[in-house]
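# Examining the three-dimensional arrangement
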Amino acid sequence: MAEKAAPADDLPLSGITVVSIEQAVAAPFATRQLADLGARVIKVERPDGGDFARRYDTTVHGQSSYFVWLNRSKESVTLDLKSEEGRQVLEELLARADVFVQNLAPGAAARMGLGAEDLAERFPSLIPCSVTGYGSSGPWADRKAYDLLVQCQTGLVSLTGSAQEAARVGVSVADIAAGMYAYSGILTALFTRATRGSVRAVEVSLFEALAEWMGQPAYYTAYTGTQPPRIGTRHATIAPYGTYTAADGKDVLLSVQNEREWAVLCERFLGAPGLTGDPRFATGSARVSHRDEVDALLAERIAVSDSAEVMKLLDTIGIANAAVNDVKQFLEHPVLTGRDRWRDVLVPGGETVAALVPPVDLAGTAPRMDAVPALGEHTGRILAQLGYSPARIDALRAGGAI
């Protein structure tokens, strides 16, 4: 169970400074996880609106649900990087940083002198991390990429939905995958620098991150010549594994993973132990080939009992099952409340929101879960730490550089 938040200097990444020119989801997700572990994350934003994810919606006390999720515990500094003064401030920040993260538009980092090779010359101890759409080289290096575009390009959308209609995954799965790999890549680079003294640049693309997650259907398709079918809440290559409607109209999902579980299901749930010897159902592959018959048996049995009764019996006999929750039911899930997984986090304007504790628990360590920054909230303080006088800060602000 997660502990209450500790001061940042007690956390594993305390003393690490990250400067990030980030927007949207992938890069902010990576840097927020670094902040969770105590890194100081300085988020560089445009003075004229900042990270465009701030304006995706206004549902959380006037703030964007995306931005609140991805940007707690960071410091926001506004810099006009097209101005000489803004670029100078960035250079001073990078000189003091351990990690630089960017997910600028294709080619923009290189044009600004912020590519990995340029940075290595000026800041040899700095670990640069680039989050791209399709990689910094190759035939699609200059192509824009957003989450749903990548879901389509990797074939994920062709696997998701019903037989009648394809569907996107309901969360930004390509962005999340890239953010996770960027996070783990940065941790690896920090470890390598600390143990070997060598600095390694990190690059992650949305396309290649999600391509990794497509491994199973890729192998299946390559070696059968046919991709797994799109069959809604059922599993394309395991049966029974899907949802069935109970007498009270609620859906119950159950999953059988092996022959022992199939035998238990037949004997103690279906009341038909003889089915275990039926060659149509004797193996996992056989049950997939006869899925409609398997589903008919289960649908008939589950339709005569309420969902709670079905799930209680399945729990008793050791068959994995789940209610098909909506988001409100997820928010009230007994695992989250029973394991104390919620913490209050401040958002701009002084309101608080309930935020989930990060999923990895480190013994004796509580994650930092500080406020979500307002645009440019920390600009003056950061410049003062760099040695800028109040008069100079005022002049930069008046000139639009910050």
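Here, every reference points to the structure presented above.
The present account deals with the structure reproduced in this document. Model, not experiment: these values are computed from the prediction.

### Notes on the nonpolar core
A general tendency of soluble globular proteins is for nonpolar side chains to be buried together. Formed by 35 residues in total, the largest nonpolar core has its most connected members in Val18 and Val131. Within the residue set of this core, elements represented by two or more residues are helix H1 (26-36), strand S4 (99-102), strand S5 (127-132), helix H8 (173-196), strand S6 (202-205) and helix H9 (206-213). Counting residues per element, this core draws most heavily on H8, at 9 residues. Discounting chain neighbours no more than four positions away, the residues touching Val18 are Thr31, Leu34, Ala39, Arg40, Val41, Ile42, Val99 and Val101. Counting 27 residues, the second-largest nonpolar core is a separate cluster that includes Val89, Leu93, Leu94 and Tyr388.

### Regarding a nonpolar patch on the surface
There is a patch of nonpolar side chains on the surface, built from Val327, Phe330, Leu331 and Leu356 and spanning about 340 Å² of accessible area. Counting residues per element, the nonpolar patch draws most heavily on helix H15 (residues 327-331), at 3 residues. Inspection of the secondary structure assignment puts Val327 in helix H15.

### Digging into the environment of Ala201
Examined against the element boundaries, Ala201 turns out to sit in the loop between H8 and S6. Apart from residues no more than four positions distant in its own chain, Ala201 is found in contact with Ala116 and Pro128.

### Some remarks on the pairing of S4
On S4, burial covers both faces: Val99 and Val101 on one face and Phe100 and Gln102 on the other are all buried. Pairing of S4 with S5 involves 4 bridges; the strand directions are parallel. Paired with Phe100 across the bridge in S5 is Pro128.

### Some details on the side chain of Asp51
Here Asp51 lies in the loop between strand S2 (40-45) and helix H2 (65-70). We classify Asp51 as buried; its relative accessible area is 1%. Within the local environment of Asp51, its side chain forms a polar contact with the side chain of Lys43, the two groups lying 3.0 Å apart. At 2.8 Å, the side chain of Asp51 and the backbone nitrogen of Ala53 are in polar contact.

### Observations regarding the sheet that holds strand S1 (residues 17-21)
Overall, parallel pairing links the 6 strands, which are arranged S3-S2-S1-S4-S5-S6 in an open sheet. In this open sheet, the two edge strands, each paired with only one partner strand, are strand S3 (74-78) and S6. With strand direction ignored, the average angle separating the axes of adjacent strands in the sheet is 20°. With 4 bridges connecting them, S5 and S6 associate as parallel partners. Paired with Thr132 across the two strands is Ser205, which belongs to S6.

### Here we look at unusual backbone geometry
Cis geometry marks the peptide bond from Ala239 to Pro240; its omega dihedral reads -5°. Along the polypeptide, Pro240 turns up in the loop between helix H10 (215-224) and strand S7 (241-245). Although it is not a glycine, Ala24 sits at a positive phi angle of roughly 65°. Ala24 sits in the buried class, given a relative accessible area of 15%. Within the chain, Asp340 stands out as a residue other than glycine whose phi angle is a positive 55°. Among the structural elements, Asp340 can be located in the loop between helix H16 (334-338) and strand S10 (342-346).

About the cut-offs
- Residues numbered from 1 in each chain as written.
- Predicted model: local features only at pLDDT ≥ 70, side-chain atom pairs only at ≥ 80, totals over all residues.
- Heavy atoms only, no water.
- Core = buried A, V, L, I, M, F, W, Y, C linked by side-chain atoms within 4.5 Å.
- Buried < 20%, exposed > 50% of the residue type's maximum accessible area, 1.4 Å probe, protein only.
- Helix = DSSP H or I, 4+ residues; strand = E, 2+ residues; numbered from the N terminus.
- Contact = heavy atoms within 4.5 Å.
- Patch = residues over 30% accessible without salt bridge, like charges linked within 9 Å, V, L, I, M, F, W, Y side chains within 5 Å.
- Areas by Shrake-Rupley, 256 points an atom, 1.4 Å probe, with all protein chains shown as cover.
- Salt bridge = Lys/Arg side-chain N within 4 Å of Asp/Glu carboxyl O.
- Pairing = 2+ DSSP bridges.
- Polar contact = N/O pair within 3.5 Å; in protein donor to acceptor, adjacent residues only side chain to side chain.
- Axes fitted to C-alpha atoms, helices over the stretch in contact; angles between N-to-C directions.

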